[in-house]
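Next come the chains, spelled out residue by residue.
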Amino acid sequence: MIYEYHISYVSMWLITIESSFIAMGSYFFFDSLYILQSLVPLSSYQYGIILSITSIPNIILSILSSLIIYQLGNSLSALIFNTLIILGAVIFTTLLTLSITNIIYLSLSAFILGLGSESIYIIQSTMLVNELNKDKLPLSMSISTSLTRLGNIISFLTIIPVVNGLGRYIYGFWYAVVVCILSYIVNIIYYVRRREQIKHRRLVLMKLNWEYIALIYVTIFGYVIIYPYRTYSNYLISQRYNLSLEYSTWILSIIDFICLIMIPIWGIVINKHYKTTYILLPISLFVGCIGYGLVLVEPITSAIFIGLYLSSLSSSIWSYFSYIIPKKHSEMGYGLISSMTNLTLAIMYPLIGYISQSGLISIVIVMMGCSLSSAMVSFTLMIIRFRS
């Protein structure tokens, strides 16, 4: 449903917080997969395959989930997808609890988890796009992303202490399952408060243009690529600098601390001066390229640079999409982004896992190359935008 009336800041905050917490359980469980990777009795390559399988169903099914959201509305669709997330998380964690490390069984549970995870991220975006006016959308998207980063910070700071305190890595996964259940409770509250009527609407296909395609490229190779990097660099950083896994995890959490603080600031700036979006994109990606290189010299400085790059990139790229995707095509527009994102992750997780066996420097070269190519594309977008 599309609303054109004025939305107050109180309503904006309520919708923003709900959208963030509905998706937080999924983010939290995926964080546990990244953080506990070195403790699970599987090779990096096997683990990369399992992580890539969480992305495989959404290469095509993100478009299907967009149609489900289009017909059923955000609140009911979110309940369906969060149910799949909890089911996949519980099966995956139960298998490891029973010491069943058969990659086929773990992959099947990861597949179920993946069916719901990306779809809930689409809902997180469409909730904001469909219920807020354009004047509050960049700020709301920035706040939502920042709150998500708060969840990342909590997971990175608490999962390892939970594991150390209770003595087994599996308790870290069960802790993440509890967060998924709390997220589901928020989802139920949202469904009761905002239940939409099911309407059978005729689907209108979105026309793709060069700007949308270029921005998807930047999203894939500038933004999404950081997830496999964080998965494998944690252990490699601890090895390179002779650090404990807990301390290297803390270093990487600096990225989320900076995002938590800076994303709302960037959102306010973009909200007042929308052209800032086009300038921030290439600058943030160049900063990211430097940040990846610095990890070979000093990991804390690297984390600071990557945090600045990720915070400015997150704010600018989602604001940019909100400008160019028509409101009536929001489900389809964000669904296609999700499909391309998952295609990338399905390829990159096992690939980066394989490359990580050669050491940290190999991952850094790949990351710097992806950031640099994305920076050049976004720089071209900026020039075209200002000339027009």
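Parameters and conventions
- Residues numbered from 1 in each chain as written.
- Predicted model: local features only at pLDDT ≥ 70, side-chain atom pairs only at ≥ 80, totals over all residues.
- Heavy atoms only, no water.
- Helix = DSSP H or I, 4+ residues; strand = E, 2+ residues; numbered from the N terminus.
- Areas by Shrake-Rupley, 256 points an atom, 1.4 Å probe, with all protein chains shown as cover.
- Phe/Tyr/Trp six-rings, centres within 6.5 Å; stacked < 30°, edge-to-face > 60°.
- Buried < 20%, exposed > 50% of the residue type's maximum accessible area, 1.4 Å probe, protein only.
- Salt bridge = Lys/Arg side-chain N within 4 Å of Asp/Glu carboxyl O.
- pLDDT = per-residue confidence, 0-100.
- Contact = heavy atoms within 4.5 Å.
- Expected span 1.5 Å × (residues − 1).
- Axes fitted to C-alpha atoms, helices over the stretch in contact; angles between N-to-C directions.
- Parallel < 35°, antiparallel > 145°, perpendicular 65-115°, else oblique.
- Left-handed = near helix turned anticlockwise from the far one by under 90°.
- Nonpolar A, V, L, I, M, F, W, Y, C, P; charged D, E, K, R; others polar.
- Patch = residues over 30% accessible without salt bridge, like charges linked within 9 Å, V, L, I, M, F, W, Y side chains within 5 Å.
- Polar contact = N/O pair within 3.5 Å; in protein donor to acceptor, adjacent residues only side chain to side chain.

Here the focus is the overall build of the protein. When you go through the protein residue by residue, the secondary structure sums to 14 helices and zero strands. Along the protein, helices (α) and strands (β) appear in the sequence α-α-α-α-α-α-α-α-α-α-α-α-α-α when read from the amino end. Carbon and sulfur atoms form 71% of the exposed surface of the protein, whose accessible area is close to 15,400 Å².

Within the structure shown, the criterion is met by 12 aromatic pairs. Centre to centre, the rings of Y217 and F221 are 4.8 Å apart; their planes meet at 45 degrees, and the pair counts as tilted. Of the two residues, Y217 and F221 are both situated in helix α8 (residues 210-224); the distance of four residues between them amounts to about one turn of the helix. Since its relative accessible area comes to 26%, F221 is described here as partly exposed. Residues Y278 and F386 carry aromatic rings whose centres are separated by 6.2 Å and whose planes lie at 90 degrees to one another, so their mutual orientation is edge-to-face. Residue Y278 is located in helix α11 (residues 276-294), and its partner F386 is located in helix α14 (residues 360-387); the two are separated by 108 residues in the primary sequence. Feature note: the residues F29, F92, Y169 and F173 constitute an aromatic cluster, connected by ring pairs.

What follows covers unusual backbone geometry. Despite not being glycine, S99 shows a phi value in the positive range, around 60 degrees. Positionally, S99 belongs in the loop between α4 (74-97) and α5 (103-131). One non-glycine residue with positive phi stands out, namely N242, at about 55 degrees. Residue classification places N242 among the exposed residues on the basis of a relative accessible area of 71%.

It is worth spelling out the environment of I355 at this point. Secondary-structure assignment places I355 in helix α13 (residues 330-356). Judged by relative accessible area, which is 17%, I355 ranks as buried.

So, on to the pattern of salt bridges. Counted according to the given criterion, the structure contains one salt bridge. A salt bridge links R385 to E211; the nearest nitrogen and oxygen atoms lie 2.7 Å apart. In this pair, R385 sits in helix α14 while E211 sits in helix α8, placing the two residues 174 residues apart along the sequence.

Close inspection of predicted coordinates is inappropriate for parts of the model with low pLDDT. This prediction gives the protein a mean pLDDT of 80; 84% of its residues lie at or above 70. Mean pLDDT across the elements of the protein ranges from a minimum in helix α3 (residues 57-72), with 69, to a maximum in α11, with 91. Counted against residues more than four places away or in other chains, residues 1-6, with its pLDDT under 50, gives 17 contacts.

So, about α4. Side chains three or four residues apart in an α-helix point the same way, a direct result of the helix having 3.6 residues per turn. With 24 residues, α4 ought to run about 34 Å at 1.5 Å a step, and its terminal C-alpha atoms sit 34 Å apart, in line with that. Phi for S99, located one or two positions after α4, is positive at around 60 degrees.

Further remarks concern the packing of α8 against helix α12 (residues 299-324). The interhelical angle for the contact between α8 and α12, taken along N-to-C directions, is 160 degrees, at an axis separation of 11 Å. Between α8 and α12, the angle is such that the two are roughly antiparallel. Our pair here, α8 against α12, has a crossing hand that is left-handed. Packed against α8, whose contacting residues are E211, Y212, L215, I216, V218, T219, G222 and Y223, the element α12 presents Y309, L310, L313, S314, I317, W318, Y320, F321 and I324 at the interface. Tallied by class, the residues present in the contact of α8 with α12 amount to 13 nonpolar, three polar and one charged.

Our focus in this paragraph is the environment of V163. Position of V163 among the secondary structure elements: in helix α6 (residues 137-166). Sequence spacing of V163 and F173 is 10 residues, and the spatial spacing of their C-alpha atoms is 9.1 Å. When near neighbours in sequence (up to four residues on either side) are disregarded, V163 contacts L36, L39, R168, Y169 and G172.

Helix packing geometry: the angle between the two helix axes and the distance between the axes. Axis separation between helix α9 (residues 226-240) and helix α10 (residues 245-272) bottoms out at 8 Å; the angle between their running directions is 135 degrees. Looking at the two axes, α9 sits oblique to α10. Viewed along their axes, α9 and α10 form a crossing whose handedness is right-handed. Facing α9, whose interface residues are R230, S233, N234, Y235, I237 and S238, α10 presents L245, S248, T249, L252, I255 and D256. Residues that form the contact of α9 with α10 fall into these classes: five nonpolar, five polar and two charged.

A separate point is the side chain of D31. Along the chain, the position of D31 falls in helix α1 (residues 9-35). For D31, a relative accessible area of 5% puts it in the buried group.

Turning to helix α7 (residues 170-193), a few remarks are in order. For α7, spanning 24 residues, the distance from its first C-alpha to its last is 35 Å, which sits close to the expected 34 Å at 1.5 Å a residue. When we look at burial in α7, the residues that qualify are I170, G172, F173, A176, V177, V179, C180, S183, N187 and Y190.

Our next topic: a nonpolar patch on the surface. Together, V178, I181, L182, I185 and I189 make up a nonpolar patch on the protein surface, roughly 440 Å² of accessible area in all. Assignment of secondary structure puts I181 in helix α7. In this structure I181 comes out as partly exposed when scored by relative accessible area, which is 39%.

With that out of the way, let us pick up the side chain of S311. Tracing the backbone through its elements, the reader meets S311 in helix α12. Within the local environment of S311, its side chain forms a polar contact with the side chain of W266, the two groups lying 3.3 Å apart. Within the local environment of S311, its side chain forms a polar contact with the backbone oxygen of L308, the two atoms lying 3.0 Å apart. Setting aside its immediate chain neighbours within four residues, S311 contacts I258, C259, M262, I263 and W266.

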